[in-house]
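Now for the letters of each chain:
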Amino acid sequence: MSVSDHLVNLYRKIPPHVKIVAVSKMMPVDRIMEAYLAGHRLFGENKSQELNTKHPLLPRDIKWHFIGHLQTNKVKYIIPFVEMIESVDSLKLLKEINKEALKSNRIVKCLLQFHIATEETKFGLDLEEAEALLSSPDYAEMRHVSICGVMGMASFTDDIDLVRREFHSLKAVESQLKNRYFSDKPEFCEISMGMTGDYRVAIEEGSTIVRIGTGIFGKV
């Protein structure tokens, strides 16, 4: 199947309220253009250098989500154009995003990344760390970031019940944060969870953003 065929198939399966981030990491520009010419505009990259290289080579109306672990010294390279940073996992990183967004006179959308998987290798906050961040004086002073929700990656496993529990836990975290910190912030409405192998379960558990790579572009 072509990239276009894969997208048409996904559009049929995924409800219209769920955004599809086409994960284009390691994909050449011509493959990304196949998705673009099929009408897709939302793409995700997980390395700042790769994103910074691709951005000027592709149409300006593409919306880029950064979905990988982001080092503070790389923030400045993507802030001028990135639509959303889905992987905020520390106050230090959020402060750097705010600082660089101020320089660009932008308000950058962000998601708080939570560690919901059994694997220790994955990054992310726990609920206590997130509450400390959101209660901090530093966060209270930030004017150039907008926290729009949460992100998480489930365990890489065939145990669908485990994956479902992990997604359910992220939805519960989102609800707690919404009630305590964002009850008057309608922009806090996104739950980014679900990839090619588990997006159906993620949507059943409340996902509003799914990140699909192989399911669109095929295997590298």
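Throughout what follows, the structure given in this document is the object of discussion. Please read these numbers as outputs of a predicted model, since none were measured by experiment.

Thresholds, definitions, all that
Throughout this description, residue numbers start from 1 for each chain and increase along the sequence as written. Local features in this predicted model are restricted to residues of pLDDT 70 or higher, and side-chain atom pairs are both shown and tallied only at a pLDDT of 80 or more, whereas totals for entire chains, interfaces and linings draw on every residue. Heavy atoms from the whole structure form the basis of all side-chain values; hydrogens and water molecules are not counted. Note on conventions: DSSP H or I runs of at least 4 residues are helices, E runs of at least 2 residues are strands, and numbering of each starts at the N terminus. Radius of gyration here uses only the C-alpha atoms, and the compact-globule reference equals 2.2 Å multiplied by the residue count raised to the power 0.38. What makes two residues a contact is simply this: any of their non-hydrogen atoms within 4.5 Å. We call two strands paired when DSSP finds no fewer than two bridges between them. When the strands point away from the viewer and the path from the first strand over the helix to the second turns clockwise, the crossover is right-handed. Geometry of aromatic contacts follows a simple scheme: Phe, Tyr and Trp rings, the Trp one being its six-membered ring, pair when their centres are within 6.5 Å, and the pair is stacked under 30 degrees between planes, edge-to-face over 60, tilted otherwise. Counted as over-ring charges are cases with an Arg CZ or a Lys NZ within 6 Å of the ring centre that also lie within 35 degrees of the ring normal. Residue count minus one, scaled by 1.5 Å, sets the expected span of a helix. The definition of a polar contact used here is a pair of N or O atoms within 3.5 Å, where within protein one atom must be able to donate a hydrogen and the other to accept one, and adjacent residues in sequence count solely through side-chain atom pairs. Only protein atoms enter the 1 Å grid, on which a cavity is a set of points fitting a 1.4 Å probe that cannot get out and a pocket is an open set with protein on both sides within 12 Å along at least 5 of 7 lines, lining residues being those with an atom within 4 Å of a point. Grid points are joined across faces, edges and corners, and a volume is the space filled by probe spheres set on the points. Buried residues of nine kinds, namely Ala, Val, Leu, Ile, Met, Phe, Trp, Tyr and Cys, make up a nonpolar core once their side-chain atoms join them within 4.5 Å. For every residue, the accessible area obtained with a 1.4 Å probe (protein chains only) is divided by the maximum for its type, and the residue is called buried under 20%, exposed over 50%, and partly exposed between those limits. In plain terms, two cysteine sulfur atoms within 2.5 Å form what is called a disulfide here. For this document, the term salt bridge refers to a Lys or Arg side-chain nitrogen within 4 Å of an Asp or Glu carboxyl oxygen.

Our focus in this paragraph is the overall build of the chain. If you tally the helices and strands in the chain, you get ten helices and eight strands. Taken over C-alpha atoms, the radius of gyration comes to 17 Å for the chain, in line with the 17 Å a tight globule of 220 residues would show. With respect to the three principal axes, the spread of C-alpha positions in the chain is 50 × 45 × 30 Å. Long-range contacts, defined as pairs at least 24 residues apart, comprise 59% of the intrachain contacts of the chain with a sequence gap of at least 6.

On to the environment of I78, then. Along the chain, I78 turns up in helix α4 (residues 75–78). When the C-alpha atoms of I78 and V29 are compared, they prove to be 18 Å apart, with 49 residues separating the residues in sequence. Excluding residues that lie within four positions of it along the chain, I78 makes contacts with S48, L51, F66, L70 and I85.

Turning our eyes to something else, we now look at the pairing of strand β3 (residues 63–66). Relative to β3, strand β2 (residues 42–45) runs parallel, the two sharing four bridges. Across the sheet, L42 pairs through a bridge with K63, a residue of β3. Where the polypeptide runs from β2 across helix α3 (residues 48–54) and back to β3, its parallel neighbour, the crossover connection is right-handed. Taken together, the two bridges between β3 and strand β4 (residues 84–88) define a ladder with parallel strand orientation. When the bridges of β4 are listed, F66 appears paired with I85.

Here we take up the packing of aromatic side chains. Where two aromatic rings form a pair, the distance of their centres and the angle of their planes describe that pair. Scanning the model with the defined rule gives two aromatic pairs in all. In this structure, R41 is placed above the aromatic ring of Y36, and the distance from its NZ or CZ to the ring centre is 3.6 Å.

For the rest of this paragraph, the subject is helix α8 (residues 160–181). Between its first and last C-alpha atoms α8 spans 31 Å; for 22 residues at 1.5 Å apiece the expected length is 32 Å, and the two agree. Along its buried surface, α8 packs onto β5 (108–114), α6 (127–135), β6 (145–152), β7 (190–192) and α9 (199–204). A distance of 3.2 Å separates the backbone nitrogen of D161 from a side-chain oxygen at the start of α8, and that oxygen is part of D159.

Roughly 850 Å³ of internal volume is contained in the largest pocket. What lines the largest pocket is a set of 31 residues, among which K25, M153, F156, M195 and T196 lie closest to the centre. Those elements giving two or more residues to the lining of the largest pocket turn out to be α8 and α10 (214–217). Of the pockets and cavities examined, the second largest pocket occupies roughly 230 Å³.

Quick look at the nonpolar core now. Burial of nonpolar side chains together is a common tendency in soluble globular proteins. Ranked by size, the top nonpolar core spans 62 residues in total, and within it I85, I97, F114 and L177 carry the most contacts. In terms of nonpolar packing, the next biggest core, distinct from the first, is built from seven residues, V21, L42, L111 and I209 among them.

Taken as a whole, this structure holds zero disulfides when the rule is applied. Unpaired in terms of disulfides, C110 finds its nearest cysteine sulfur in C148, a separation of 7.6 Å. Accessibility expressed as a relative area gives 1% for C110, which makes it buried. Note on C189: no disulfide assigned, nearest cysteine sulfur contributed by C148 at a separation of 6.8 Å. A residue is classified by how much of its surface remains accessible, and C189, at 40% relative accessible area, is partly exposed.

Looking now at the pattern of salt bridges. Per the stated rule, a full pass over the model turns up 13 salt bridges. Here R41 and D61 are joined by a salt bridge, their closest N and O atoms 3.1 Å apart. On the criterion of sequence distance, the pair formed by R41 in the loop between α2 (29–37) and β2 and D61 in the loop between α3 and β3 is long-range, its members being 20 residues apart. By relative accessible area, R41 is classed as partly exposed at 29%. Residue classification places D61 among the partly exposed residues on the basis of a relative accessible area of 40%. K54 is the salt-bridge partner of E45, the closest N and O atoms lying 2.8 Å from each other. Each member of the salt-bridge network shares a partner with another, and the members are E45, E50 and K54.

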